[in-house]
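Overview (structure and organization)
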Amino acid sequence: MSTAHTIVTVAAALWAGFSAASVFLRARWVVEPLADYGVPRSWWPWLGVAKAAGAAGLLVGLAVPVIGVLAGIGLVLYFTGAVVTVLRARSYSHVPFPLLYLAPVVGAMALGFAA
């Protein structure tokens, strides 16, 4: 395992964890767009759980690589779904936001496979 992989994985986990905490704490800048996109309020806690589980999985994956790969796949699917949701809501100016969360996860996975 390379130093770069470890740093990028920890950064990706912290970033996904921050995103999960933002949903749990119902940060206005997160939940208002969710409502605008038509995401049911009853889904919000589960979306936060999914992101938190992915973040934890990335960290566990540093010791148990298969867990990290599965968590990475889950987060890639999650944030890809977020991009699709934003596009379906025609909020094109918001597309970069889920991509900012997706990029470090993809980077961590790429570095993990390269190591």
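Presented here is an overview of the structure given in this document. (Residues numbered from 1 in each chain as written. Predicted model: local features only at pLDDT ≥ 70, side-chain atom pairs only at ≥ 80, totals over all residues. Heavy atoms only, no water.)

Applying the stated criterion across every chain yields a total of five aromatic pairs. Seen in terms of ring centroids, Tyr78 and Phe79 are 5.0 Å apart; in terms of plane orientation they differ by 85°. Their pairing is edge-to-face. Take Tyr78: its relative accessible area is 19%, and that puts it in the buried class. Aromatic side chains Phe79 and Tyr101 sit 5.6 Å apart centroid to centroid with 15° between the ring planes, which places their arrangement in the stacked category. One end of the pair, Phe79, is in helix α4 (residues 65-88); the other, Tyr101, is in helix α5 (residues 96-114), and 22 residues separate them in sequence. Through pairs of rings, three or more aromatic residues link up here, namely Trp15, Phe18, Trp29, Tyr78, Phe79 and Tyr101. (Phe/Tyr/Trp six-rings, centres within 6.5 Å; stacked < 30°, edge-to-face > 60°. Buried < 20%, exposed > 50% of the residue type's maximum accessible area, 1.4 Å probe, protein only. Helix = DSSP H or I, 4+ residues; strand = E, 2+ residues; numbered from the N terminus.)

Glancing now at the packing of helix α1 (residues 3-24) against α5. At a minimum axis separation of 8 Å, α1 and α5 run at an interaxial angle of 150°. Between α1 and α5, the crossing angle belongs to the class labelled roughly antiparallel. Both α1 and α5 take part in a crossing whose hand is left-handed. Listed contacts from α5 to Ala4, His5, Val8, Thr9, Ala12, Trp15, Phe18 and Ser19 of α1 are Leu100, Tyr101, Pro104, Val105, Gly107, Ala108, Leu111 and Gly112. When its residues are assigned to classes, the contact of α1 with α5 shows 11 nonpolar, five polar and no charged. (Axes fitted to C-alpha atoms, helices over the stretch in contact; angles between N-to-C directions. Parallel < 35°, antiparallel > 145°, perpendicular 65-115°, else oblique. Left-handed = near helix turned anticlockwise from the far one by under 90°. Contact = heavy atoms within 4.5 Å. Nonpolar A, V, L, I, M, F, W, Y, C, P; charged D, E, K, R; others polar.)

Moving on, we get to the nonpolar core. Within the largest apolar cluster, 25 residues are counted, with the highest numbers of intra-cluster contacts made by Val39, Trp44, Leu58, Leu75, Phe79 and Val105. Broken down by secondary-structure element, the contributors of at least two residues to this core are α1, α2 (28-37), α3 (44-60), α4 and α5. The biggest single contributor to this core is α4, with six residues. Those residues within four positions of Phe79 in sequence are excluded, and the remaining contacts are Lys51, Pro98, Tyr101 and Leu102. (Core = buried A, V, L, I, M, F, W, Y, C linked by side-chain atoms within 4.5 Å.)

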